[in-house]
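The lines below spell out each chain.
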Amino acid sequence: MLTHISQTNTLKRYSQPMPPCPLPVSYRREEEPPMTPRQYQYILHLAGLRHMKIKALNRLCIKSFNAHLSKLDRVCASRIIQALNG
């Protein structure tokens, strides 16, 4: 039996707001480490599994963390990974 799209887990996962990052990117100290290449590749892998395009992923990062995907720090990258894992 088919269920309405509003009842699916995928829609529920992407319609919930992501947890806020501790500070906006512009207020962070320079010594905070940027995300690792491994985190970046894993985020792209998870997004690909969910059929998300890079543009949509960047919009999500800008909306949630006020930063482009490639400019996130390790904490925000971990939050994106947790959100994509569901």
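Refer to the structure presented above.
Caption draft 1: View of the overall build of the protein. On a plain count of helices and strands, the protein comes out with 4 helices and 0 strands. Along the protein, helices and strands appear, N-terminal first, in the series α-α-α-α. For the protein, with 86 residues in total, the buried portion stands at 26%. In the protein, of all internal contacts separated by at least 6 residues, the share reaching a separation of at least 24 is 73%. When the accessible surface of the protein is split by element, carbon and sulfur atoms take 58% of a total near 6,500 Å².

Caption draft 2: Layout of the nonpolar core. Residues Met 35, Ile 43, Leu 57, Leu 69, Leu 72, Ile 80 and Leu 84 are the most contacted members of the largest nonpolar core, which totals 16 residues. Mapped by element, the contributors of at least two residues to this core are helix 2 (37-49), helix 3 (54-65) and helix 4 (74-85). The greatest single-element share of this core, amounting to 5 residues, is contributed by helix 4.

Caption draft 3: Here's a closer look at helix 3. The end-to-end C-alpha separation of helix 3 is 16 Å, in line with the 16 Å expected for 12 residues at 1.5 Å each. Taken together, the buried positions of helix 3 are Leu 57, Asn 58, Cys 61 and Phe 65. One side of helix 3 carries all its buried residues, which in axial view fall inside an arc of 100 degrees. Exposed side of helix 3, more than 90 degrees from the buried face: Lys 55, Arg 59 and Lys 63 are the residues found there. Positive backbone phi, approximately 55 degrees, marks Asn 66, located one or two places after helix 3.

Caption draft 4: A look at the environment of Ser 64. Among the secondary structure elements, Ser 64 is positioned in helix 3. With a relative accessible area of 24%, Ser 64 lands in the partly exposed category. Through-space distance from the C-alpha of Ser 64 to that of Ile 80 is 9.2 Å; in sequence the pair is 16 residues apart.

Caption draft 5: Focus on the side chain of Gln 39. Examined against the element boundaries, Gln 39 turns out to sit in helix 2. On the basis of relative accessibility, which here comes to 14%, the residue Gln 39 falls in the buried class. Within the structure, Gln 39 has its side chain in polar contact with the backbone oxygen of Arg 74 (distance 3.4 Å). In this structure Gln 39 touches Arg 74, Ala 77, Ser 78 and Ile 81, once residues within four positions along its chain are discounted.

Caption draft 6: Geometry of the packing of helix 3 against helix 4. Packing of helix 3 against helix 4 leaves a shortest axis separation of 12 Å and a crossing angle of 120 degrees. In this view, helix 3 runs oblique relative to helix 4, as classed from their interaxial angle. Every pair of crossing elements has a handedness; the one defined by helix 3 and helix 4 is right-handed. Where helix 3 approaches helix 4, its residues Leu 57, Cys 61 and Phe 65 are matched on the opposing element by Cys 76, Arg 79, Ile 80 and Leu 84.

Criteria and thresholds
- Residues numbered from 1 in each chain as written.
- Predicted model: local features only at pLDDT ≥ 70, side-chain atom pairs only at ≥ 80, totals over all residues.
- Heavy atoms only, no water.
- Helix = DSSP H or I, 4+ residues; strand = E, 2+ residues; numbered from the N terminus.
- Buried < 20%, exposed > 50% of the residue type's maximum accessible area, 1.4 Å probe, protein only.
- Contact = heavy atoms within 4.5 Å.
- Areas by Shrake-Rupley, 256 points an atom, 1.4 Å probe, with all protein chains shown as cover.
- Core = buried A, V, L, I, M, F, W, Y, C linked by side-chain atoms within 4.5 Å.
- Expected span 1.5 Å × (residues − 1).
- Arc of directions from axis to C-beta.
- Polar contact = N/O pair within 3.5 Å; in protein donor to acceptor, adjacent residues only side chain to side chain.
- Axes fitted to C-alpha atoms, helices over the stretch in contact; angles between N-to-C directions.
- Parallel < 35°, antiparallel > 145°, perpendicular 65-115°, else oblique.
- Left-handed = near helix turned anticlockwise from the far one by under 90°.

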